[in-house]
Amino acid sequence: MSTTDPFTLDDLRRILREGSGTDEGTDIDVDIAQTEFKALGYDSLALLETYSRIEREREVSLDEDAMADVRTPGALVDIVNAHLAAHEAPDPKLPGRREPA
């Protein structure tokens, strides 16, 4: 997997399992995009571990303020992808780039 590939719900499921596991009786293989993390059995410490794993794996720094408001897996996937896109956007001030007119 490349750090430039889009972050998917399947990526998040894998990271959740590796870092925090799953609660007995909770199936995260179903559509969990709009289910709150709390309902899935993930507390704030589990989410901090998840964010840390995402940052290491994807070589991106996630905005702490934005992460504080994340309630669902779908929202987390969207925020990670937004950070990845911003991280990959070319810097217009790099040599060889012209300022927009």
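Scroll up for the structure.
What counts as what
- Residues numbered from 1 in each chain as written.
- Predicted model: local features only at pLDDT ≥ 70, side-chain atom pairs only at ≥ 80, totals over all residues.
- Heavy atoms only, no water.
- Core = buried A, V, L, I, M, F, W, Y, C linked by side-chain atoms within 4.5 Å.
- Buried < 20%, exposed > 50% of the residue type's maximum accessible area, 1.4 Å probe, protein only.
- Helix = DSSP H or I, 4+ residues; strand = E, 2+ residues; numbered from the N terminus.
- Contact = heavy atoms within 4.5 Å.
- Expected span 1.5 Å × (residues − 1).
- Polar contact = N/O pair within 3.5 Å; in protein donor to acceptor, adjacent residues only side chain to side chain.
- Salt bridge = Lys/Arg side-chain N within 4 Å of Asp/Glu carboxyl O.

Caption draft 1: Layout of the nonpolar core. Ranked by internal contacts, the top residues of the largest apolar core, which has 24 residues, are Phe7, Leu12, Phe37, Tyr42, Ile54 and Leu76. Counting only elements with at least two residues in this core, the list comes to helix H1 (9–19), helix H2 (37–40), helix H3 (44–58) and helix H5 (73–88). Looking at this core element by element, the count peaks at five residues for H5. Filtering out sequence-adjacent residues up to four positions away, Tyr42 remains in contact with Leu16, Ser20, Gly21, Thr22, Ile28, Phe37 and Leu47.

Caption draft 2: Representation of the environment of Ala46. Among the secondary structure elements, Ala46 is positioned in helix H3. For the pair Ala46 and Leu16, spaced 30 residues apart in sequence, the C-alpha separation works out to 8.1 Å.

Caption draft 3: Representation of H5. The end-to-end C-alpha distance of H5, which contains 16 residues, comes to 22 Å, matching closely the 22 Å that a straight helix rising 1.5 Å per residue would cover. Those residues of H5 that sit buried are Pro73, Gly74, Leu76, Val77, Ile79, Val80 and Leu84. Taken together, the buried residues of H5 touch H1, H2, H3 and helix H4 (64–68).

Caption draft 4: Examining the side chain of Arg13 more closely. Within the secondary structure layout, Arg13 lies in helix H1. We classify Arg13 as buried; its relative accessible area is 9%. There is a polar contact of 2.4 Å between the side chain of Arg13 and the backbone oxygen of Ile28. Sequence-distant contacts of Arg13, defined by excluding residues within four places in its chain, comprise Ile28, Asp29, Val30, Asp31 and Ile32.

Caption draft 5: The arrangement of the pattern of salt bridges in detail. Under the defined criterion, the tally for this structure stands at six salt bridges. Linking Arg14 and Glu18 is a salt bridge whose minimum nitrogen-to-oxygen distance equals 3.5 Å. Taken as a pair, Arg14 and Glu18 lie in helix H1 at a separation of four residues, close to a single helical turn. For Glu18, a relative accessible area of 47% puts it in the partly exposed group. Residues Arg14 and Glu57 are paired through a salt bridge, measuring 2.6 Å at the closest nitrogen-oxygen approach. Taken as a pair, Arg14 in helix H1 and Glu57 in helix H3 lie far apart in primary sequence, 43 residues in all. A relative accessible area of 25% places Arg14 in the partly exposed class. When salt bridges that share partners are traced, they join Arg14, Glu18 and Glu57 into one network.

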